[in-house]
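Letter by letter, the chains look like this.
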Amino acid sequence: ACNTYEHPLPDPRDGMDDSHQYGYTAGDTVYLVPDLSDVSRQNVRYISWQKSVDGGATYSDMQTVDRNTSEALSLSMEATCALTGTCYRYAVNASGLVASYSEPIELLVFERYSIHDGTLHIEYTGTDAMNDYGVSDRLSDFQPWKTEKGNIRAVSFEEGVQKIGAYAFSGCSSLTDVDLGHVKVVGEGAFRDAVSLKHITFSASVEQIGPSALKGC
């Protein structure tokens, strides 16, 4: 695995170090490659992968990669924002209930976006929903465009984006115009304290506006 995301990442989870934390941009391919440095490859029959969606508290079986039927022992998937915070681990030749699993690997996937002439355009999330950036969220205050907040004057969304993440654009002090496009859900605090906001273009597709989404505007 390797990072394709070039901005800072939040601190690793308790018990993990940053060598097991990987940041991706949505749409990239994630390759989870087991470390077989202590195992003779000739003795590897299969790799059993597990995943955790609760920060590593519990794991569920995900997939077994069999050397006899697969060209590679790595696990690959598309990077989507839905994977953010998911942890993975693997075991070599696990037998029944007896398995020695690796240290966890955490994935953090961020929206693909562009900024041109003050307009921030959310291009792709891999799914229909953006990440949440609230105080209690894994990516709290780690919006990719954080350092540009004071320069963003407009926000728009690609057609496939249907949910704006919590606090995604909070504190964008120069933001004046928002085009929601095909967005259905505006997350909590999404535009909170965007003090210059004057125009929002809604469509008939909007179904829900979260608490404090426009507070301070």
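None of these values were measured; they are calculated from a predicted model. (Residues numbered from 1 in each chain as written. Predicted model: local features only at pLDDT ≥ 70, side-chain atom pairs only at ≥ 80, totals over all residues. Heavy atoms only, no water.)

1. A word on the state of the cysteines
Here's step 1: On inspection of all chains with the given rule, the structure shows zero disulfides.
Here's step 2: With no disulfide partner, Cys 81 has as its closest neighbouring cysteine sulfur the one in Cys 87, 17 Å distant.
Here's step 3: Classification of Cys 81 as buried rests on a relative accessible area of 6%.
Here's step 4: Free cysteine: Cys 217, not disulfide-bonded; nearest cysteine sulfur from Cys 172 at 10 Å.
Here's step 5: Overall, the relative accessible area of 41% leaves Cys 217 in the partly exposed class. (Disulfide = S-S within 2.5 Å. Buried < 20%, exposed > 50% of the residue type's maximum accessible area, 1.4 Å probe, protein only.)

2. Observations regarding the layout of surface pockets
Here's step 1: By volume, the largest pocket amounts to about 260 Å³.
Here's step 2: Lining of the largest pocket is provided by 14 residues; of these, His 20, Val 33, Asp 35, Tyr 90 and Ser 102 occupy positions nearest its centre.
Here's step 3: Across the lining of the largest pocket, the residue classes tally to eight nonpolar, three polar and three charged. (1 Å grid on protein atoms, 1.4 Å probe; cavity = no way out; pocket = protein on both sides within 12 Å on 5 of 7 lines; lining within 4 Å. Points joined across faces, edges and corners; volume = space filled by probe spheres on them. Nonpolar A, V, L, I, M, F, W, Y, C, P; charged D, E, K, R; others polar.)

3. A word on unusual backbone geometry
Here's step 1: A positive phi angle is found at Asp 141, which is not glycine, with a value near 65 degrees.
Here's step 2: Here Asp 141 shows up in the loop between strand 9 (119-124) and strand 10 (154-157). (Helix = DSSP H or I, 4+ residues; strand = E, 2+ residues; numbered from the N terminus.)

4. Observations concerning the side chain of Gln 143
Here's step 1: Here Gln 143 is to be found in the loop between strand 9 and strand 10.
Here's step 2: Those residues in contact with Gln 143 that sit more than four places away from it in its chain are Tyr 133, Lys 149, Tyr 167, Ala 168 and Ser 170. (Contact = heavy atoms within 4.5 Å.)

5. Remarks on the packing of aromatic side chains
For any two aromatic rings, the description comes down to two numbers: the centre-to-centre distance and the angle of the planes.
Here's step 1: Under the criterion given, the structure shown has seven aromatic pairs.
Here's step 2: Note on Tyr 133 and Trp 145: the rings are 6.2 Å apart at their centroids and 65 degrees apart in plane angle, and the pair reads as edge-to-face. Of this pair, Tyr 133 sits in the loop between strand 9 and strand 10 while Trp 145 sits in the loop between strand 9 and strand 10, and the two are twelve residues apart along the sequence. The pair formed by Tyr 133 and Trp 145 is uniform in burial state, with each residue classed as buried.
Here's step 3: Taken together, the aromatic side chains of Tyr 113, Tyr 133, Trp 145, Phe 157, Phe 169 and Phe 191 make up a single cluster linked through ring pairs.
Here's step 4: A cation sits over an aromatic face here: Arg 89 above Tyr 59, 4.0 Å from the ring centre.
Here's step 5: Arg 89 extends its terminal NZ or CZ atom over the ring of Tyr 101, reaching a point 4.5 Å from the ring centre. (Phe/Tyr/Trp six-rings, centres within 6.5 Å; stacked < 30°, edge-to-face > 60°. Lys NZ or Arg CZ within 6 Å of the ring centre and 35° of its normal.)

6. Some words on the sheet that holds strand 15 (residues 208-209)
Here's step 1: Here we have three strands laid out as an open sheet, ordered 11-13-15, and parallel in their pairing. With one partner strand each, in any of the chains shown, strand 11 (163-164) and strand 15 form the two edges of the open sheet.
Here's step 2: With two bridges joining them, strand 13 (residues 185-186) and strand 15 adopt parallel strand pairing. Bridging across to strand 15, Val 186 finds its partner in Ile 209. (Pairing = 2+ DSSP bridges.)

7. A word on empty space enclosed by the protein
The rolling of a water-molecule-sized probe over the atoms marks out the regions of remaining empty space.
Here's step 1: Counted under the stated rule, the structure contains one cavity of 30 Å³ or more.
Here's step 2: Lining the largest cavity, in full, are Leu 180, Val 186, Phe 191, Ile 200, Phe 202, Ile 209, Ala 213 and Leu 214.
Here's step 3: Class assignment of the residues belonging to the lining of the largest cavity gives a composition of eight nonpolar, no polar and no charged.

8. Focus on the environment of Gly 55
Here's step 1: Examined against the element boundaries, Gly 55 turns out to sit in the loop between strand 3 (46-52) and strand 4 (60-66).
Here's step 2: Spatially, the C-alpha atom of Gly 55 lies 9.3 Å from that of Arg 138, the residues being 83 residues apart in sequence.

9. Looking at the nonpolar core
Here's step 1: By size, the foremost hydrophobic cluster in this structure holds 27 residues, and its most contacted members are Met 130, Phe 157, Ile 164, Phe 169, Leu 175 and Phe 191.
Here's step 2: When sequence neighbours within four positions are dropped, the list of residues in contact with Ile 164 reads Met 130, Phe 157, Phe 169, Leu 180, Val 183, Val 185, Val 186, Gly 187, Ala 190 and Phe 191.
Here's step 3: Membership of the second largest hydrophobic core comes to 20 residues, among which are Leu 36, Val 44, Tyr 90 and Leu 107. (Core = buried A, V, L, I, M, F, W, Y, C linked by side-chain atoms within 4.5 Å.)

10. Here we look at the environment of Ala 166
Here's step 1: Tracing the sequence through the fold places Ala 166 in the loop between strand 11 and strand 12 (177-179).
Here's step 2: Along the sequence, Ala 166 and Thr 80 sit 86 residues apart, while their C-alpha atoms lie 17 Å from each other.
Here's step 3: Once residues lying within four places of it in the same chain are set aside, the contact partners of Ala 166 are Asn 131, Asp 132, Tyr 133, Gly 134, Asp 137, Gly 187 and Glu 188.

All quantities given are derived from atomic positions and should not be read as evidence of function.
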